[in-house]
Amino acid sequence: AVVSTQSTGGSPIQISMLEEEMVSRTMYWRRQRTREQQINSTLLRTKAIILDALPESLEEMEEFKKDTDELLGSVHRDTASMKDSHQKELKRRGDMCSIYAQQLPTVAVAMTTENDEEEKKREEQLQQTFSRIPEVIERHMSKVEEELKKFLERCAKNPHGAEAAREKHEAMTERLQNDIRNQLLNRLVQLDEWSCSLEYIRERAHLCGEEAKEWLSGKGGVSWNKSTQGMYGDMPASTSSHKDLIPLIEKLIELLKSNSGKQMFARALVGAPSNAAPGTSVLRTMEHAVQRPAVIQTAQRSVPSKLKLVLPGIKEEEEEEEEGKPSGLFNVPG
């Protein structure tokens, strides 16, 4: 049920409790953001090293693995620290909610905690993505090392075929590089999406907490429903796809660019019935306009000769007209 109420003002102790809760959440978000930025920076450095150049000897390969392993180890440690901090925060919120349920109004508690489940879901998805990227890089490193060993073995067994072996090796390494480049691109795009999604829900939670403090302080009323969507910029998920509209819109644009399309559009604008119900299709309105030439002729006399109708994407055409005659766009044959 929707709660619509005007707060009479909470006690100073209640307001202080809510303020302390928001301070704790803000500090937690700040720490998590710092860890996320560190992990992102480390992953970008690792990506640059991997895509820069591949080793051509086992000695270079060992040095190469040492550098990447050090960076990936940092990612693992920071991700584990993120998860540990997240679990501690979940426990803290759970413990505090049982206290708030007894000492704070239900509306204030509900507004403060309404984003907790979604925040938990999105943060765990981000942590999962952080964990998977190093796994992708480690598998790639194993393939590169294996390919290098095969190449060196072929050269050792058949020195005369070293050139052919090198060409095969370069083709294989190029394929591996393209593969890891595409995988990292997809993973980093997914990582960016989850980061933005999580940051949005944090900002939304902050706004809800501020709204709860305003309500508890007696500075305003609130109409609140936990199932309500569309607040603070989020929209309910659509069950229908918009892909079917794209070809229809493209056809409409082509129609408007054509001369016949200009006339039909003008007829629809001038001759559309005033009592047409909302949602009436454009084609039905156009047909109605074509069947009412008297209305169009009346509208022609009332349209100033200098008036021009500019349609998006349609190149303006300059036409010489005699003074007193209506514009060519509205000159519909009777």
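Since this is a predicted model, take the numbers as computed values, not measurements. (Residues numbered from 1 in each chain as written. Predicted model: local features only at pLDDT ≥ 70, side-chain atom pairs only at ≥ 80, totals over all residues. Heavy atoms only, no water.)

## Notes on the overall build of the chain
Next up, step 1: Per the secondary structure count, the chain includes 9 helices and 2 strands.
Next up, step 2: Listed by position from the N terminus, the elements making up the chain come as β-α-α-α-α-α-β-α-α-α-α.
Next up, step 3: The proportion of buried residues among the 334 residues of the chain is 33%.
Next up, step 4: For the chain, the computed accessible surface area is about 21,100 Å², with 53% contributed by carbon and sulfur atoms. (Helix = DSSP H or I, 4+ residues; strand = E, 2+ residues; numbered from the N terminus. Buried < 20%, exposed > 50% of the residue type's maximum accessible area, 1.4 Å probe, protein only. Areas by Shrake-Rupley, 256 points an atom, 1.4 Å probe, with all protein chains shown as cover.)

## Let's talk about a negative patch on the surface
Next up, step 1: Taken together, the side chains of Glu 56, Glu 59, Glu 60, Glu 62, Glu 163, Glu 167, Glu 170 and Glu 174 define an acidic patch exposed on the protein surface.
Next up, step 2: Every element with two or more residues in the negative patch is listed here: α2 (58–103) and α5 (162–216).
Next up, step 3: Ranked by residues supplied to the negative patch, first place goes to α5 with 4 residues.
Next up, step 4: Within the secondary structure, Glu 167 sits in helix α5. (Patch = residues over 30% accessible without salt bridge, like charges linked within 9 Å, V, L, I, M, F, W, Y side chains within 5 Å. Salt bridge = Lys/Arg side-chain N within 4 Å of Asp/Glu carboxyl O. Lys, Arg positive; Asp, Glu negative; His and termini not counted. Charge placed at Lys NZ, Arg CZ, Asp CG, Glu CD.)

## Some remarks on the pattern of salt bridges
Next up, step 1: Applying the stated rule across the entire model yields 22 salt bridges.
Next up, step 2: Here Asp 116 and Arg 25 are joined by a salt bridge, their closest N and O atoms 2.8 Å apart. You can see Asp 116 sitting in helix α4 (residues 116–157) and its partner Arg 25 sitting in helix α1 (residues 12–52), a full 91 residues away along the chain.
Next up, step 3: Judged by its relative accessible area of 15%, Asp 116 is buried.
Next up, step 4: Its salt-bridge partner being Glu 146, residue Lys 150 comes within 3.6 Å of it at the nearest N-O pair. Highlighted residues: Lys 150 and Glu 146, both in helix α4, separated by 4 residues, approximately one helical turn.
Next up, step 5: Residue Lys 150 is classed as partly exposed on the basis of its relative accessible area of 41%.
Next up, step 6: For Glu 146, a relative accessible area of 44% gives the class partly exposed.
Next up, step 7: Connected through shared salt-bridge partners, Glu 21, Arg 25, Glu 89, Arg 92, Arg 93, Asp 116 and Glu 119 make up one network.

## Comments concerning the confidence of the model for the chain
Next up, step 1: Averaged over all residues, the pLDDT of the chain is 75; the fraction at 70 or higher stands at 67%.
Next up, step 2: Ranking the elements of the chain by mean pLDDT puts helix α9 (residues 293–302) last, at 41, and α1 first, at 92.
Next up, step 3: Here residues 226–233 scores under 50 on pLDDT; set against residues more than four positions off or in separate chains, the count is 14 contacts.
Next up, step 4: Predicted confidence for residues 272–334 stays below pLDDT 50, and this span has 54 contacts to residues more than four positions away or in other chains. (pLDDT = per-residue confidence, 0-100. Contact = heavy atoms within 4.5 Å.)

## Brief notes about empty space enclosed by the protein
Empty space among the atoms can be located by rolling a probe the size of a water molecule over them.
Next up, step 1: Applying the stated rule across the entire model yields 1 cavity of 30 Å³ or more.
Next up, step 2: Looking at the largest cavity, the residues that line it are Leu 18, Glu 21, Tyr 100, Leu 104, Ala 108, Val 109, Thr 112 and Thr 113.
Next up, step 3: Those elements that place two or more of their residues in the lining of the largest cavity are α1 and α3 (106–113).
Next up, step 4: The leading source of residues in the lining of the largest cavity is α3, at 4 residues.
Next up, step 5: Of the residues belonging to the lining of the largest cavity, the class tally is 5 nonpolar, 2 polar and 1 charged. (1 Å grid on protein atoms, 1.4 Å probe; cavity = no way out; pocket = protein on both sides within 12 Å on 5 of 7 lines; lining within 4 Å. Points joined across faces, edges and corners; volume = space filled by probe spheres on them. Nonpolar A, V, L, I, M, F, W, Y, C, P; charged D, E, K, R; others polar.)

## Things to note about a nonpolar patch on the surface
Next up, step 1: Taken together, Leu 245, Leu 248, Ile 249 and Ile 253 make up a surface patch of nonpolar side chains, about 360 Å² in accessible area.
Next up, step 2: Looking at the secondary structure, you find Ile 253 in helix α6 (residues 245–257).
Next up, step 3: Of the residues examined, Ile 253 reaches a relative accessible area of 39% and is grouped as partly exposed.

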